[in-house]
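# Summary of structural features
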Amino acid sequence: MYRNRRYDQPVLQLPLMFFAVILILLTFSDRQSPEYAMPLLLPLSVLAAVELDQLRRGAAAFLNWFGLMTFGFFGLLIWAGWAAMNFGWLKHSWLAGRVISAHITCRMFRCWRPCVRW
């Protein structure tokens, strides 16, 4: 962002203002805790997303690949968990007897009633 110096574009003004206001408020605050700086991540991520178009081709391809693999893996993990809860795979698998006890699983999800309608 510093290299291009395009601060007058509307796509950058709102995140920069949000970042500046939060930074000023945190500077003059009497409470010192890292949790109070968490709202700074939102404008920083928006600013980073705006500058993605300026990346070199290899870096952009790596970010694309990393995002697809990461979110694809977690999507499959969530889908497999949903299917295991609905079809009762944890009760009958070898994993249930060794790592995840069926008793603990039933206690954790005692209000969950699987229902799949075709």
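Analysis parameters
Residues numbered from 1 in each chain as written. Predicted model: local features only at pLDDT ≥ 70, side-chain atom pairs only at ≥ 80, totals over all residues. Heavy atoms only, no water. Helix = DSSP H or I, 4+ residues; strand = E, 2+ residues; numbered from the N terminus. Buried < 20%, exposed > 50% of the residue type's maximum accessible area, 1.4 Å probe, protein only. Areas by Shrake-Rupley, 256 points an atom, 1.4 Å probe, with all protein chains shown as cover. Axes fitted to C-alpha atoms, helices over the stretch in contact; angles between N-to-C directions. Parallel < 35°, antiparallel > 145°, perpendicular 65-115°, else oblique. Left-handed = near helix turned anticlockwise from the far one by under 90°. Contact = heavy atoms within 4.5 Å. Nonpolar A, V, L, I, M, F, W, Y, C, P; charged D, E, K, R; others polar. Phe/Tyr/Trp six-rings, centres within 6.5 Å; stacked < 30°, edge-to-face > 60°. Expected span 1.5 Å × (residues − 1). pLDDT = per-residue confidence, 0-100.

## Thoughts on the overall build of the protein
In terms of helices and strands, the protein carries six helices and zero strands. Ordered by position from N to C terminus, the α and β elements of the protein give α-α-α-α-α-α. When the 118 residues of the protein are sorted by exposure, 13% land in the buried category. Element-wise, carbon and sulfur atoms account for 69% of the exposed surface of the protein, whose accessible area totals about 10,300 Å².

## Observations concerning the packing of helix α1 (residues 10-28) against helix α2 (residues 41-50)
Orientation of α1 relative to α2, taken along the N-to-C sense of each, is 155 degrees, at an axis distance of 8 Å. Considering the angle they form, α1 stands roughly antiparallel to α2. Handedness of the crossing formed by α1 with α2: left-handed. Residue-level contacts link V11, L12, P15, L16, F18 and F19 of α1 to L42, P43, L44, V46, L47 and V50 of α2. Per-class residue counts for the contact of α1 with α2 are twelve nonpolar, no polar and no charged.

## Considerations on the packing of aromatic side chains
Applying the stated rule across the entire model yields three aromatic pairs. A centroid spacing of 6.2 Å and a plane angle of 25 degrees characterise the contact between F62 and F66, whose relative ring orientation is stacked. Placement of both F62 and F66 in helix α3 (residues 57-87) is noted, with a separation of four residues, approximately one turn of the helix. What makes F66 partly exposed here is its relative accessible area of 46%. Through a chain of ring-to-ring contacts, the aromatic side chains of F62, W65 and F66 assemble into a single cluster.

## As for the environment of V11
Its place among the elements puts V11 in helix α1. On a C-alpha basis, the gap between V11 and V50 in space is 7.7 Å, while along the polypeptide they are 39 residues apart.

## Considering α3
If you check α3, its first and last C-alpha atoms are 44 Å apart, about what 31 residues at 1.5 Å a residue would give, namely 45 Å. Turning to α3, its buried residues are G67, A83, A84 and N86. Just beyond α3, the residue with positive phi is G88, at close to 70 degrees.

## What about the confidence of the model for the protein?
As a general rule, the predicted coordinates of low-pLDDT regions are not to be interpreted in detail. Per-residue confidence for the protein gives a mean pLDDT of 78; residues scoring 70 or more make up 71%. Across the protein, α1 holds the top mean pLDDT of 89, while helix α5 (residues 94-98) sits lowest at 53.

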